[in-house]
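Structure assessment
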Amino acid sequence: MKDSPDNVDNPDWLDAIRWTADGLVPAIAQDAATGDILMMAWMNRESLRLTALEGQAVYWSRSRGKLWRKGESSGHQQVIKDIRLDCDEDVIVLKVEQKGGIACHTGRRSCFYRTLEDGQWVSVDPVIKDPDAIYGSK
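These figures come from a predicted structure and were not determined experimentally.

Cut-offs applied
Residues numbered from 1 in each chain as written. Predicted model: local features only at pLDDT ≥ 70, side-chain atom pairs only at ≥ 80, totals over all residues. Heavy atoms only, no water. Core = buried A, V, L, I, M, F, W, Y, C linked by side-chain atoms within 4.5 Å. Buried < 20%, exposed > 50% of the residue type's maximum accessible area, 1.4 Å probe, protein only. Helix = DSSP H or I, 4+ residues; strand = E, 2+ residues; numbered from the N terminus. Contact = heavy atoms within 4.5 Å. Polar contact = N/O pair within 3.5 Å; in protein donor to acceptor, adjacent residues only side chain to side chain. Pairing = 2+ DSSP bridges. Phe/Tyr/Trp six-rings, centres within 6.5 Å; stacked < 30°, edge-to-face > 60°. Lys NZ or Arg CZ within 6 Å of the ring centre and 35° of its normal. Salt bridge = Lys/Arg side-chain N within 4 Å of Asp/Glu carboxyl O.

**Re the nonpolar core**
In terms of nonpolar packing, the biggest core is built from 18 residues, with Met 39, Met 43, Tyr 59, Ile 92 and Leu 94 touching the most fellow members. Taken together, the elements giving at least two residues each to this core come down to β1 (25-31), β2 (37-43) and β6 (92-98). If you tally residues by element for this core, the top one is β2, at four residues. Those residues in contact with Met 43 that sit more than four places away from it in its chain are Trp 19, Gly 23, Leu 24, Val 25, Ala 27, Leu 48, Thr 51, Val 58, Tyr 59, Trp 60 and Leu 94.

As structure tokens, this is what we get:
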């Protein structure tokens, strides 16, 4: 990543972002080497600040109402290579190195594994590892 912890710990750069009314911004994780879109998640000010500071993706879990370090239960961390802000200042792109090659909780490389064919969503990407083997059976 281009920035240093000393630079990102000053929160002024976070003021440029157009946060939602809930204080969130969508973040797209993209494979830094291939350009593949891996997933989308939400970030708040603290998760984005920690992501820049620590060099690993930290998201805001809306369902759990807390910070979520990608890979904390699966081991599939995302190492940050670059953080980008779009022209409207309301979407973040994280260029990442995806550890373990799996970004999706379904055990696939990407969360975007379905394509629209003849009015139906069809799974086109394989499961790399059974989610039960990653997270344990529920």
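Resuming the write-up.
**As for the environment of Asp 130**
Among the secondary structure elements, Asp 130 is positioned in the loop between β8 (120-123) and α3 (131-135). Residue class for Asp 130 comes out partly exposed when judged on its relative accessible area of 43%. At 2.7 Å, the side chain of Asp 130 and the backbone nitrogen of Asp 132 are in polar contact.

**Here we look at the pairing of strand β7 (residues 114-117)**
The sheet contact formed by β7 and β8 spans four bridges and is antiparallel. Each bridged residue has a counterpart across the sheet, and for Arg 114 the counterpart in β8 is Ser 123. Linking β7 back to β8 in an antiparallel pair, the connection comprises two residues, with Asp 118 at a positive phi of about 50°.

**Thoughts on the packing of aromatic side chains**
Counting across every chain of the model gives one aromatic pair. Both rings, one in Tyr 59 and one in Trp 68, keep their centres 5.1 Å apart while their planes meet at 40°; by these two values the pair is tilted. Each of the two residues, Tyr 59 as well as Trp 68, counts as buried. One cation-aromatic arrangement involves Arg 108 over Tyr 113; the distance from NZ or CZ to the ring centre is 3.8 Å.

**Observations concerning the pattern of salt bridges**
Where charged atoms from two side chains of opposite charge come close, those side chains can pair. Tallied over the full model, the rule gives ten salt bridges. Between Asp 31 and Arg 109 there is a salt bridge; the shortest N-O distance is 2.7 Å. Residue Asp 31 is located in strand β1, and its partner Arg 109 is located in the loop between β6 and β7; the two are separated by 78 residues in the primary sequence. You can call Asp 31 buried: its relative accessible area is 10%. A salt bridge links Arg 84 to Asp 82, with the shortest nitrogen-to-oxygen separation between them at 2.7 Å. Residue Asp 82 is classed as buried on the basis of its relative accessible area of 11%.

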